[in-house]
Amino acid sequence: MDPLPVYDNHIHMSPSGRNVDALLEYQAAGGTALTLVTLPYSEVKIREGSDFARSYEITYDLGSKARERTGMEINIAVGPYPVLLIPLAEEFGLEKAEEIMLQGMEDAGKAVQEGKAKAIGEIGRPHFDCPQEIVDASNRILQRGMEIAKENDVPVIIHCESGSTDTNLSLSHIARKAGLDPSLVIKHSSPPFVTEEETYGVMPSIPASKSNIKEALKKGSDRFMLETDYIDDPSKPTAIMSVTTVPNKVKWMLASGNADEELIYRICKDLPDRYFHR
């Protein structure tokens, strides 16, 4: 009998971190599949557009090694990390920085076309207050990413500000401008906004805390995914959440009666299959 599906929708691996060992721990706790999301790596400093493709190669290599060691389904997302726009603008000016980020977006699209990645992300906007010109440039870069996602029929994973349903409204609006179905927009680190009135069609990926899960389920919805945003930093071994959090929370959901197996299948199997097996 197949194990109950347990899916973490946002995990990072680092060449200097625990990488495969962390995923072995995730698997031992009950994890069965995950989304591996690229991050800026110290091994590749981004100074020109082509550097992104070099950086993504690290993600593919980590994912390949993890699949070989664990046998798990690992869906890769690559894209230009949005906060990078700020140091690039400081060094090269905003116009050149935007060009560099856009090249990273185009190369993420190529990765999808070549079957190296299943999603574009995490892309979006800085998650903190910054000058309007940075926000505007970020939205232009984001829209291009959504256009590429539309062209390739894949989702985008969004890094941006949280805390307000207006964020989802904004993301939905940009998606429609890009011709992308808002349901293919996955809001990483989302609050437990799960109703149609809160999401505007956007898919919430919620940090797997008991309070978030209870709040989401209280609203009568199973339209959300769970994540840890594990960053694989040896100096912060449980950041953003421990790699075993989602398996442990799935067990808690069942044991506490907050969810039955059908709901777990919906969150941890049906939704990931819809997004990453397109």
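Right above here is the structure, for reference.
Residues numbered from 1 in each chain as written. Predicted model: local features only at pLDDT ≥ 70, side-chain atom pairs only at ≥ 80, totals over all residues. Heavy atoms only, no water.

> Lay out the packing of helix H8 (residues 210-218) against helix H9 (residues 245-255) with the relevant residues and their values.
Two numbers describe how H8 lies on H9: the axes approach to 11 Å, and their chain directions differ by 50°. Considered as vectors, H8 and H9 are oriented oblique to each other. Where H8 crosses over H9, the handedness of that crossing is right-handed. Residues Lys210, Ile213, Lys214 and Leu217 of H8 form the contact with H9, whose own contacting residues are Lys249, Trp252 and Met253. Of the residues in the contact of H8 with H9, the class split is four nonpolar, no polar and three charged. (Axes fitted to C-alpha atoms, helices over the stretch in contact; angles between N-to-C directions. Helix = DSSP H or I, 4+ residues; strand = E, 2+ residues; numbered from the N terminus. Parallel < 35°, antiparallel > 145°, perpendicular 65-115°, else oblique. Left-handed = near helix turned anticlockwise from the far one by under 90°. Contact = heavy atoms within 4.5 Å. Nonpolar A, V, L, I, M, F, W, Y, C, P; charged D, E, K, R; others polar.)

> Provide a residue-level description of unusual backbone geometry, including the pertinent values.
Note that the residue after glycine 121, namely glutamate 122, is joined by a cis bond; omega there is -5°. Its location among the elements puts glutamate 122 in strand S4 (residues 119-124). Here the residue pair alanine 239 and isoleucine 240 is connected by a cis peptide bond, since its omega of -10° sits within 30 degrees of zero. By the element assignment, isoleucine 240 lies in the loop between strand S8 (225-227) and H9. Residues other than glycine seldom take positive phi values, yet asparagine 19 does so here, at roughly 30°. Relative accessible area serves as the criterion here: at 16%, asparagine 19 is assigned to the buried category. Positive phi is not limited to glycine here, since aspartate 229 has a value of about 60°. Mapping aspartate 229 onto the fold places it in the loop between S8 and H9. (Buried < 20%, exposed > 50% of the residue type's maximum accessible area, 1.4 Å probe, protein only.)

> Can you lay out helix H5 (residues 132-152) for me, pointing to particular residues and giving the numbers?
Across its 21 residues, H5 extends 30 Å between first and last C-alpha, which sits within 8% of the 30 Å expected from 1.5 Å per residue. Those residues of H5 that fall on the buried side of the exposure criterion are Ile134, Ala137, Ser138, Ile141, Leu142, Gln143, Gly145, Met146, Ile148 and Ala149. Among the structural elements, helix H3 (85-92), helix H4 (94-113), S4, strand S5 (156-159), helix H6 (165-178) and strand S6 (185-187) are those in contact with the buried residues of H5. Of the residues one or two after H5, aspartate 153 is the one with positive phi, at around 55°. (Expected span 1.5 Å × (residues − 1).)

> I'd like a rundown of the environment of leucine 184, residues and numbers included.
For leucine 184, the position within the fold is in the loop between H6 and S6. Owing to a relative accessible area of 6%, leucine 184 belongs among the buried residues under this scheme. In this structure, the C-alpha to C-alpha distance between leucine 184 and aspartate 51, residues 133 residues apart in sequence, is 27 Å. Leucine 184 has contacts with Asp153, Val154, Pro155, Val156, Tyr275 and Arg278, leaving out every residue within four places of it along the chain.

> I'd like a description of a negative patch on the surface, backed by residues and values.
Among the surface-exposed residues, Asp260, Glu261, Glu262 and Asp270 lie close enough to one another that they form a single negatively charged patch. Assignment of secondary structure puts aspartate 270 in helix H10 (residues 261-276). Note on aspartate 270: relative accessible area 42%, which makes it partly exposed. (Patch = residues over 30% accessible without salt bridge, like charges linked within 9 Å, V, L, I, M, F, W, Y side chains within 5 Å. Areas by Shrake-Rupley, 256 points an atom, 1.4 Å probe, with all protein chains shown as cover. Salt bridge = Lys/Arg side-chain N within 4 Å of Asp/Glu carboxyl O. Lys, Arg positive; Asp, Glu negative; His and termini not counted. Charge placed at Lys NZ, Arg CZ, Asp CG, Glu CD.)

> Could you give an account of the packing of aromatic side chains, with specific residues and numbers?
For the coordinates displayed, the defined rule picks out three aromatic pairs. On the basis of an interplanar angle of 15° and a centroid distance of 6.1 Å, the ring pair of tyrosine 7 and phenylalanine 276 is categorised as stacked. Of the two residues, tyrosine 7 sits in strand S1 (residues 7-11) while phenylalanine 276 sits in helix H10, which places them 269 residues apart along the sequence. This pair shows no difference in class: tyrosine 7 is buried, exactly as phenylalanine 276 is. Ring geometry for phenylalanine 52 versus tyrosine 56: centroids 6.1 Å apart, planes at 40°, classification tilted. Of this pair, phenylalanine 52 and tyrosine 56 both sit in helix H2 (residues 50-70), four residues apart, which is roughly one turn of that helix. For the pair phenylalanine 52 and tyrosine 56, one class covers both residues: buried. Cluster of aromatic residues (ring-pair linked, three or more members): Tyr7, Tyr275 and Phe276. Across the ring face of tyrosine 275, the terminal group of arginine 274 is positioned such that the distance to the ring centre comes to 4.8 Å. (Phe/Tyr/Trp six-rings, centres within 6.5 Å; stacked < 30°, edge-to-face > 60°. Lys NZ or Arg CZ within 6 Å of the ring centre and 35° of its normal.)

> Go over the pattern of salt bridges with me, naming the residues and quoting the values.
Where side chains of opposite charge bring their charged atoms close, a pairing between them can arise. Across all of its chains, the model carries 19 salt bridges by this definition. In this structure, the salt-bridge partner of glutamate 147 is arginine 144, at a minimum N-O distance of 3.2 Å. Note that glutamate 147 and arginine 144 are positioned in helix H5 at a spacing of three residues, about one turn of the helix. Residue classification places glutamate 147 among the partly exposed positions, given a relative accessible area of 24%. Taken together, the shared-partner salt bridges in this structure form one network comprising Glu106, Arg144, Glu147 and Glu151.

The values reported here are purely geometric and, on their own, carry no functional implication.
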